[in-house]
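# Examination of the molecular architecture
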Amino acid sequence: MKLRWSRSLTFLSALALAFGAATVPAAADAPTVSSGWNNYSCKPSAAHPRPVVLVHGTLGNSIDNWLGLAPYLVARGYCVFSLDYGQLPGVPFFHGLGPVDASAGQLAAYVDRVLAATGAPKADLVGHSQGGMMARVYMKFHGGADKVNALVGLAPDNHGTDLDGLTHLLPYFPGAKKYLDELTPGLSDQIVGSDILRRLNEGGDTLPGVHYTVIATRYDEVVTPYRSAFLDGPDVHNVVLQDLCAIDISEHVAIGLADLAAFHETANALDPAHATPTTCTSG
């Protein structure tokens, strides 16, 4: 029994590392105050009339996940905000581990706070990984559909992930699934076939009135297969990063953290009336 538990724990550690290492940079000394965003005195302009709320991925946080994209959008005149969600008791700094539905409730409260501060009737959301999928849970089950104009997903796990088949090994580790469900439900909720994903996607992927953009990468090692990120609906733009720039080798981390082509395509989605072609030299 001790040997079986040891193997189970080893597997679960690998699973958590696969999610975590691919969604947040290693930054033990991350800044506690963001620069240029989370400014609650910011008022949206006529050119950019909606605040942008950034929703981090698993094991991410409101700062590290957005050290590239947040300043990029601020420099282009957007009011930008980011939150921490999915905190587990006794686990500081690393977030996105709590139940996805509870995290969606946290996002609901945060969007309300941003809208109240900015005076805007709606926000635009940009989510990386779990953040792109969890934002849909917020819109479908927590009253967010009427408060969101556009959702941009950067490598979101909209239909779950099998981690290159790794999750199929769970039945071979007695107690592993139960351990995952109880201790890190945010991870369990992202596995293909989970209850929250089933409820989220039944009846259609999208909601009326929301503009959806999904930006995926063929080199995604966390959301697998990468096309599980894509949505099906009447107001959806699914794009593969390598179709915009064939030599782009960004994987799951880089598409949200540092990829300028992904950032440019995000800006296009936020302001489609002034969109310009995204290429390898976009910046």
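Fair warning: this is a prediction, and the values are worked out from it, not measured in the lab.

To continue, consider the confidence of the model for the chain. When pLDDT is low, close inspection of the predicted coordinates is not appropriate. Taken as a whole, the chain shows an average pLDDT of 86; of its residues, 81% reach a score of 70 or greater. In this model, residues 1-33 is a region of pLDDT below 50 whose contacts with residues beyond four sequence positions or in other chains number 57 contacts.

Let us now look at the sheet that holds strand 2 (residues 80-83). Hydrogen bonds along the backbone pair up the strands of a sheet, which may run parallel or antiparallel. The strand order across the open sheet built from 6 strands is 2-1-3-4-5-6, with neighbouring strands paired in parallel fashion. Two strands bound the open sheet, and with one partner strand each, they are strand 2 and strand 6 (236-240). Taking each pair of neighbouring strands and ignoring which way they run, the sheet shows an average axis angle of 15 degrees. Taken together, the 6 bridges between strand 3 (residues 123-128) and strand 4 (residues 148-154) define a ladder with parallel strand orientation. Bridge pairing links Gly127 to Gly153 in strand 4. Of the strands in this sheet, strand 1 (52-55), strand 2 and strand 3 touch helix 3 (residues 100-118), which is tilted by about 155 degrees from strand 2. Seen against the sheet, helix 4 (residues 130-141) touches strand 1, strand 3, strand 4 and strand 5 (211-216) and runs at an angle of roughly 140 degrees to strand 3.

Attention now goes to unusual backbone geometry. Of note, the bond from Thr224 into Pro225 is cis; its omega dihedral lies within 30 degrees of zero at -10 degrees. Along the chain, Pro225 turns up in the loop between strand 5 and strand 6. Although it is not a glycine, Leu59 sits at a positive phi angle of roughly 65 degrees. By the element assignment, Leu59 lies in the loop between strand 1 and helix 2 (69-74). Judged by its relative accessible area of 16%, Leu59 falls in the buried class. Phi at Ala155 is positive, roughly 50 degrees, even though this residue is not glycine. The residue Ala155 is located in the loop between strand 4 and helix 5 (176-183) in this model.

Before going further, it helps to examine the environment of Asp162. Along the polypeptide, Asp162 turns up in the loop between strand 4 and helix 5. The spatial distance from the C-alpha of Asp162 to the C-alpha of Val222 is 8.1 Å, given a sequence separation of 60 residues. Within the local environment of Asp162, its side chain forms a polar contact with the side chain of Thr224, the two groups lying 2.7 Å apart.

Attention now goes to the side chain of Asp271. Here Asp271 shows up in the segment after helix 10 (260-270). No salt bridge forms around the buried Asp271; measuring N to O, its nearest opposite-charge neighbour Arg50 is 6.7 Å away. Contacts of Asp271, omitting those with residues within four sequence positions, involve His48 and Tyr78.

Below, the discussion takes up helix 10. In an α-helix there are 3.6 residues to a turn, and that puts residues three or four apart on one side. Most of helix 10 is tucked away, with 10 of its 11 residues classed as buried. Buried residues of helix 10: Ala261, Ala262, Phe263, His264, Glu265, Thr266, Ala267, Asn268, Ala269 and Leu270, and no others. The N-capping residue of helix 10, defined by a side-chain oxygen 3.0 Å from the backbone nitrogen of Ala261, is Asp259.

Core analysis: the biggest nonpolar cluster contains 39 residues, and Val53, Leu107, Leu125 and Tyr138 have the highest contact counts within it. Secondary structure elements with two or more residues in this core: strand 1, strand 2, helix 3, strand 3, helix 4, strand 4, helix 7 (195-201) and strand 5. Element by element, the count of residues in this core is highest for helix 3, at 8 residues. One finds Trp66, Ala70, Leu241 and Ala269 within the second-largest nonpolar core, a separate group that totals 25 residues.

Before going further, it helps to examine the state of the cysteines. Per the stated rule, a full pass over the model turns up 2 disulfides. A disulfide bridge connects Cys42 with Cys79, and the sulfur atoms are separated by 1.9 Å. On the sign convention where negative means left-handed, the S-S torsion of about -80 degrees between Cys42 and Cys79 marks this disulfide as left-handed. Here Cys79 lies in the loop between helix 2 and strand 2 and Cys42 lies in the loop between helix 1 (2-21) and strand 1, a separation of 37 residues in the sequence. A disulfide bridge connects Cys245 with Cys280, and the sulfur atoms are separated by 2.0 Å. Its S-S torsion of about 105 degrees marks the bond between Cys245 and Cys280 as right-handed, since a negative value means left-handed. Of this pair, Cys245 sits in the loop between helix 8 (241-244) and helix 9 (252-257) while Cys280 sits in the segment after helix 10, and the two are 35 residues apart along the sequence. The class for Cys245 is buried, based on a relative accessible area of 5%. For Cys280, a relative accessible area of 44% puts it in the partly exposed group.

What counts, and at which threshold
- Residues numbered from 1 in each chain as written.
- Predicted model: local features only at pLDDT ≥ 70, side-chain atom pairs only at ≥ 80, totals over all residues.
- Heavy atoms only, no water.
- pLDDT = per-residue confidence, 0-100.
- Contact = heavy atoms within 4.5 Å.
- Pairing = 2+ DSSP bridges.
- Helix = DSSP H or I, 4+ residues; strand = E, 2+ residues; numbered from the N terminus.
- Axes fitted to C-alpha atoms, helices over the stretch in contact; angles between N-to-C directions.
- Buried < 20%, exposed > 50% of the residue type's maximum accessible area, 1.4 Å probe, protein only.
- Polar contact = N/O pair within 3.5 Å; in protein donor to acceptor, adjacent residues only side chain to side chain.
- Lys, Arg positive; Asp, Glu negative; His and termini not counted.
- Salt bridge = Lys/Arg side-chain N within 4 Å of Asp/Glu carboxyl O.
- Core = buried A, V, L, I, M, F, W, Y, C linked by side-chain atoms within 4.5 Å.
- Disulfide = S-S within 2.5 Å.

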